[in-house]
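Here is what each chain is made of, one letter per residue.
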Amino acid sequence: MTTTTLTTDLSFDEYTRRQYRELTPDRLMERAMAVRPSGNYRYDGNSWAPLPYPGFAVVSMVEENPGNEGLADLLGKVATGLTERCPWGGSIYLLPADSYHQTVANTLSEKRFLDHILHAGLEGEYPGMVERVFGVIMPTGGTQPQPLAMKMIGLSIFGTALGVLGVFENAADYQRILHFRSGFYSDPGLAALDVRMTRPFIGHITLAYIEADLTGEQRQQLAASVHALNGQLKEAEPVFNLSSTGLRRYENLSAFRWKDGFPRYHF
């Protein structure tokens, strides 16, 4: 008999501790020593080309949410600072600023998307299914809800990527995210398509992917560079305001497209 490990979101205190812990020098070094190529982009010596990675996701784009003027530019400068400190051609791919986003709920990507959506002939129906689910998740922000304010606290190293982590100073804002995710992932219709929570919510905006095996010296330099850049971020104290989220379709991880008829949800 096989068992399925249930993934759950973290409590507010656990989540906040986790985010700050990922920015400590020891943790950055540990992460840098374990980082590996993502395989999502190819460098030909002159330019980058994205490799196929199709899917749907529920995301909040930085530039489509009011109150984020200047945030994409600031994050772009952080990304540029990374490659200036780590000038290893073909090793670090910087995402375009118009792709910066927070994933609120993963749905289906790559093989699971192909199996359950594309090859099943459901791509045209899927947005309507998601819209129906959005319609039954009642917002908890009151009659005049304020945007969720996520403070971006520092650059972190993931398994194959780098991104800026976020925390919520208002616990109720974090709970509004979890309320939405609980309603989304508990829908039987989506669950029948294998839409499920595969990881807890982690507030972050991905800025770059690692696309080469790094040497030991490069890994140490990466950790030191991220730590230095975090000093600059701390001074800026940027905030990502999230008023809404919505379904987006992507063919690769550089462009998340909205189409007419795709549903949106307002927190």
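Further up the page is the structure itself.
These lines cover the structure that appears in this document, whether it is placed above or below. (Residues numbered from 1 in each chain as written. Predicted model: local features only at pLDDT ≥ 70, side-chain atom pairs only at ≥ 80, totals over all residues. Heavy atoms only, no water.)

## Regarding the overall build of the chain
What the chain contains, in helices and strands, is eight helices and twelve strands. Expected size for 267 residues packed as a compact globule is a radius of gyration near 18 Å; at 19 Å, the chain falls within 12% of this value. Taken along its principal axes, the extent of the C-alpha atoms in the chain is 50 × 45 × 40 Å. Here the chain, with 267 residues, has 50% of them falling under the buried criterion. Once local pairs closer than 6 in sequence are excluded, the contacts in the chain between residues at least 24 apart make up 81%. (Helix = DSSP H or I, 4+ residues; strand = E, 2+ residues; numbered from the N terminus. Rg over C-alpha atoms; globule rule 2.2 N^0.38 Å. Buried < 20%, exposed > 50% of the residue type's maximum accessible area, 1.4 Å probe, protein only. Contact = heavy atoms within 4.5 Å.)

## Topic: the pattern of salt bridges
By the definition in use, this model includes 14 salt bridges. Its salt-bridge partner being Glu-22, residue Arg-31 comes within 2.9 Å of it at the nearest N-O pair. Judged by its relative accessible area of 22%, Arg-31 falls in the partly exposed class. One salt-bridge network, in which partners are shared between bridges, spans Glu-22, Arg-27, Glu-30 and Arg-31. (Salt bridge = Lys/Arg side-chain N within 4 Å of Asp/Glu carboxyl O.)

## Describing the sheet that holds strand S6 (residues 148-157)
With respect to topology, five strands assemble into an open sheet ordered S4-S8-S7-S6-S9, the strand pairing being antiparallel. For this open sheet the edge positions go to strand S4 (92-94) and strand S9 (239-242), each flanked by a neighbour on one side alone. Across this sheet, the average inter-strand angle for adjacent strands is 35°, counted without regard to direction. Pairing analysis gives three bridges linking S4 to strand S8 (residues 204-210), with the strands arranged antiparallel. Pairing of Leu-94 across the sheet is with Ala-208, part of S8. (Pairing = 2+ DSSP bridges. Axes fitted to C-alpha atoms, helices over the stretch in contact; angles between N-to-C directions.)

## Considering unusual backbone geometry
Unlike most non-glycine residues, Asp-194 shows phi in positive territory, near 75°. Checked against the element boundaries, Asp-194 lands in the loop between helix H7 (188-191) and S8. At Glu-237, a position not held by glycine, the phi torsion is positive, near 50°. Note that Glu-237 resides in the loop between helix H8 (216-236) and S9. A relative accessible area of 56% places Glu-237 in the exposed class.

## Comments concerning the nonpolar core
Core analysis: the biggest nonpolar cluster contains 81 residues, and Phe-180, Phe-184 and Leu-222 have the highest contact counts within it. Beyond its immediate sequence surroundings of up to four residues, Phe-184 is in contact with Val-58, Ala-105, Asn-106, Thr-107, Val-130, Val-133, Phe-134, Ile-137, Leu-190 and Val-195. (Core = buried A, V, L, I, M, F, W, Y, C linked by side-chain atoms within 4.5 Å.)

## With respect to the pairing of strand S10 (residues 244-252)
Most of S10 is tucked away, with eight of its nine residues classed as buried. Looking at chain direction, strand S3 (residues 55-61) and S10 are connected through five bridges and run antiparallel. Following the sheet pairing, Val-58 is matched in S10 by Leu-247. Here S10 runs beside strand S12 (residues 264-266); their pairing, made up of three bridges, is antiparallel.

## A word on helix H2 (residues 25-34)
Those residues of H2 that sit buried are Arg-27, Leu-28 and Ala-32. Burial along H2 is one-sided: seen end-on, the buried residues are contained in an arc of 135°. For H2, exposure combined with an orientation more than 90 degrees from the buried face picks out Asp-26 and Ala-34. Among the structural elements, helix H1 (12-21), S6 and H8 are those in contact with the buried residues of H2. (Arc of directions from axis to C-beta.)

## Some points on the packing of aromatic side chains
For any pair of aromatic rings, the description rests on two quantities: the centre-to-centre distance and the angle between the ring planes. Scanning the model with the defined rule gives 23 aromatic pairs in all. With a centroid separation of 6.4 Å and 55° between ring planes, the pair formed by Tyr-174 and Phe-201 is classed as tilted. In this pair, Tyr-174 is assigned in helix H6 (residues 171-185) and Phe-201 in the loop between H7 and S8, connecting sequence segments 27 residues apart. Grouping residues by exposure puts Tyr-174 and Phe-201 together as buried. Within the aromatic cluster, the residues linked to one another by ring pairs are Phe-134, Phe-180, Phe-184, Tyr-185, Tyr-265 and Phe-267. Directly above the ring of Phe-56 sits Arg-249, whose terminal nitrogen or CZ lies 5.7 Å from the centroid. (Phe/Tyr/Trp six-rings, centres within 6.5 Å; stacked < 30°, edge-to-face > 60°. Lys NZ or Arg CZ within 6 Å of the ring centre and 35° of its normal.)

## Topic: the packing of helix H5 (residues 126-136) against H6
Helix-helix packing: each pair is described by the crossing angle between the helix axes and the interaxial distance. The interhelical angle for the contact between H5 and H6, taken along N-to-C directions, is 130°, at an axis separation of 9 Å. On the basis of the axis angle, H5 is oblique to H6. In terms of crossing hand, the pair formed by H5 and H6 is right-handed. Between H5 and H6, the contacting residues are Val-130, Val-133 and Phe-134 on the first element and Phe-180, Gly-183 and Phe-184 on the second. (Parallel < 35°, antiparallel > 145°, perpendicular 65-115°, else oblique. Left-handed = near helix turned anticlockwise from the far one by under 90°.)

Worth remembering: the numbers are spatial, not functional.
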